[in-house]
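Structural overview for review
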Amino acid sequence: MSSVLLERREGGIALITINRPKALNAIDITVIDGLETVINTLSSDTSIRAAVMCGAGGKAFVAGADIAWMRDLTPIQAETFAGRGQAVIDRIASLPFPVIAAVGGFALGGGCELAMATDMIFAGPDAKFGQPEVKLGVIPGFAGTQRLVRRVGSAIALDLCLTGRMIGADEAFTIGLVSRVVEGDVLEAALKAAGKIARNGPVAVRLCKRAIHENMDSDLKSAAAAERSLFGLCFATSDQTEGMAAFVEKRKASFTGE
Ligand code: CAA
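Just so it is clear, the model here is predicted, and its values are computed rather than measured. (Residues numbered from 1 in each chain as written. Predicted model: local features only at pLDDT ≥ 70, side-chain atom pairs only at ≥ 80, totals over all residues. Heavy atoms only, no water.)

As a further point, take the environment of alanine 223. For alanine 223, the location among the structural elements is in helix α10 (residues 220-234). Sequence separation of alanine 223 and alanine 211 is 12 residues, and the distance between their C-alpha atoms is 7.9 Å. (Helix = DSSP H or I, 4+ residues; strand = E, 2+ residues; numbered from the N terminus.)

So, about the domain arrangement of the protein. The domain boundaries assigned to the protein delineate domain 1 (4-198) and domain 2 (202-248). Using C-alpha coordinates to define each centre, domain 1 is positioned 27 Å away from domain 2. Taken together, the contacts link 13 residues of domain 1 with 6 residues of domain 2. Buried area between domain 1 and domain 2, summed over both chains or domains, comes out near 720 Å², and the portion from carbon and sulfur atoms is 48%. (Domains from an automatic or database assignment. Contact = heavy atoms within 4.5 Å. Buried area = accessible area lost by both parts, 1.4 Å probe.)

Next up on the list: the site of the ligand. Within the structure, the ligand sits among 23 residues, and Lys59, Ala65, Gly110, Glu113 and Glu133 are positioned closest to it. Interatomic distance of 2.9 Å between a backbone N/O atom of alanine 63 and a nitrogen atom of the ligand. Elements with a minimum of two residues in the shell around the ligand: α2 (67-70), β6 (106-108) and α4 (110-116). Tallied by class, residues from the shell around the ligand come to 14 nonpolar, 4 polar and 5 charged. (Near = heavy atom within 4 Å. Polar contact = N/O pair within 3.5 Å; in protein donor to acceptor, adjacent residues only side chain to side chain. Nonpolar A, V, L, I, M, F, W, Y, C, P; charged D, E, K, R; others polar.)

Here helix α1 (residues 29-43) crosses helix α3 (residues 75-93) at 30°, and the two axes come no closer than 10 Å. As the angle between them shows, α1 and α3 are arranged roughly parallel. Where α1 crosses over α3, the handedness of that crossing is left-handed. Residues Ile29, Ile32, Asp33, Leu35, Glu36, Ile39, Asn40 and Ser43 of α1 touch α3, and the partners they reach there are Phe81, Arg84, Gly85, Val88, Arg91 and Ile92. Partitioned by chemical class, the residues of the contact of α1 with α3 number 7 nonpolar, 3 polar and 4 charged. (Axes fitted to C-alpha atoms, helices over the stretch in contact; angles between N-to-C directions. Parallel < 35°, antiparallel > 145°, perpendicular 65-115°, else oblique. Left-handed = near helix turned anticlockwise from the far one by under 90°.)

As enumerated under the stated definition, the model contains 3 aromatic pairs in all. Geometrically, the ring pair formed by phenylalanine 81 and phenylalanine 142 is edge-to-face, given 5.4 Å between the ring centres and 70° between the ring planes. Here phenylalanine 142 lies in the loop between β8 (128-130) and α5 (144-152) and phenylalanine 81 lies in helix α3, a separation of 61 residues in the sequence. Each member of the pair, phenylalanine 81 as well as phenylalanine 142, carries the same accessibility label: buried. (Phe/Tyr/Trp six-rings, centres within 6.5 Å; stacked < 30°, edge-to-face > 60°. Buried < 20%, exposed > 50% of the residue type's maximum accessible area, 1.4 Å probe, protein only.)

Turning next to a nonpolar patch on the surface. Taken together, the side chains of Ile67, Leu136 and Val138 define a hydrophobic patch exposed on the protein surface, amounting to about 250 Å² of accessible area. Take isoleucine 67: it is sitting in helix α2. (Patch = residues over 30% accessible without salt bridge, like charges linked within 9 Å, V, L, I, M, F, W, Y side chains within 5 Å. Areas by Shrake-Rupley, 256 points an atom, 1.4 Å probe, with all protein chains shown as cover. Salt bridge = Lys/Arg side-chain N within 4 Å of Asp/Glu carboxyl O.)

Moving on: helix α6 (residues 154-163). Buried within α6 we find Ala157, Leu160 and Cys161. One side of α6 carries all its buried residues, which in axial view fall inside an arc of 90°. Opposite the buried face of α6, by more than 90 degrees, sit the exposed residues Ala155 and Leu162. Elements in contact with the buried residues of α6: α5 and β9 (167-168). (Arc of directions from axis to C-beta.)

A few words now on the packing of helix α9 (residues 202-213) against α10. One way to put it is that α9 packs onto α10 with a least axis distance of 10 Å and a crossing angle of 175°. With respect to their mutual orientation, α9 and α10 come out roughly antiparallel. On α10, the residues touching Leu207, Arg210 and Ala211 of α9 are Leu230, Leu233 and Cys234.

Note on helix geometry: an α-helix contains 3.6 residues per turn, so any two residues three or four positions apart are oriented the same way. Between the first and last C-alpha of α1 there are 21 Å, a value that for 15 residues agrees with the 21 Å anticipated at 1.5 Å per step. Looking at α1, one finds that the buried residues are Val31, Ile32, Gly34, Leu35, Val38, Ile39 and Leu42. Projected down its long axis, α1 shows its buried positions confined to an angular sector of 165°, all on one face. Packed against the buried residues of α1 are β1 (4-9), β2 (13-18), β3 (50-55), α3 and α4. (Expected span 1.5 Å × (residues − 1).)

Structure (structure tokens):
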């Protein structure tokens with residue numbers, strides 16, 4: 001059985017499952033390979049409107065990089081592994097459609113880093129986040145120090161990375177790591193949100209994701225200029241014509257994604 005499963009759901013939704021439940025979905029090279037294959041398939045599929053990522057087994061999203069697999073790596077092999085992990089995580093962040101991480105149970109180390117590559121993290125009531133690498137005598141290697149500091153600021157990023165402590169869903173929401181805390185079934189909630197996204201104008205959704213991701217490290221003036229151009233680009237699409245016509249005609253829009 002593959003370490004990463006891809007399922008297509010109705011309405012252009014892709015479900016990506018990290019599938020090593022016996023090791024709490026820990027990331028070894030088979031998971032990296034599996035994610036690369038799934039990303040290759042999805043990036044060339046224009047019918048995909050949104051994706052949800054989850055972990056198999058109900059106990060963890062992903063409990064980190066696979067410690068048993070990693071422990072005997074040489075420094076060069078470890079750097080290469082981190083490089084491949086970072087590359088695959090960057091590719092997830094750059095997918096043209098939105099990706100939601102449905103986190104039930106542990107999202108630790110590489111698992112927290114993987115979740116941070118998605119556009120939104122939904123946390124179930126039992127979700128636990130952390131960067132516990134220092135407890136193993138290493139540091140985060142899949143760009144966790146950098147994504148975390150950009151997301152929650154240096155005071156909290158340093159607290160989490162230096163203590164290695166785990167935080168629950170509510171604290172993760174308070175610090176801005178997760179978008180929503182879900183009381184019931186987190187996967188169901190993530191699929192429902194993905195469905196809502198999928199019913200919006202597809203080109204607009206993609207451009208909106210780009211406007212945020214490609215410009216958040218720029219100064220406000222240049223970022224706003226980039227947003228203006230993408231706003232203008234929307235007016236070259238039939239989705240814009242249809243979306244505004246539907247509003248004026250008081251009917252539901254029927255978008256084609258063109
Ligand atoms: N790597 C390999 N195997 C792992 C694993 C990991 N990261 N996390 C859990 N497992 C395995 C356990 O070894 C165990 O396997 P066996 O049944 O064969 O013994 C199985 O999954 C279940 O785990 P536990 O029995 O430990 O379950 P628990 O409920 O008692 O504890 C846990 C759960 C707190 C998540 C604990 O498993 C744990 O602390 N895991 C390690 C978390 C961690 O340190 N992650 C960071 C890894 S380093 C990293 O990710 C570097 C990077 O940035 C790239």
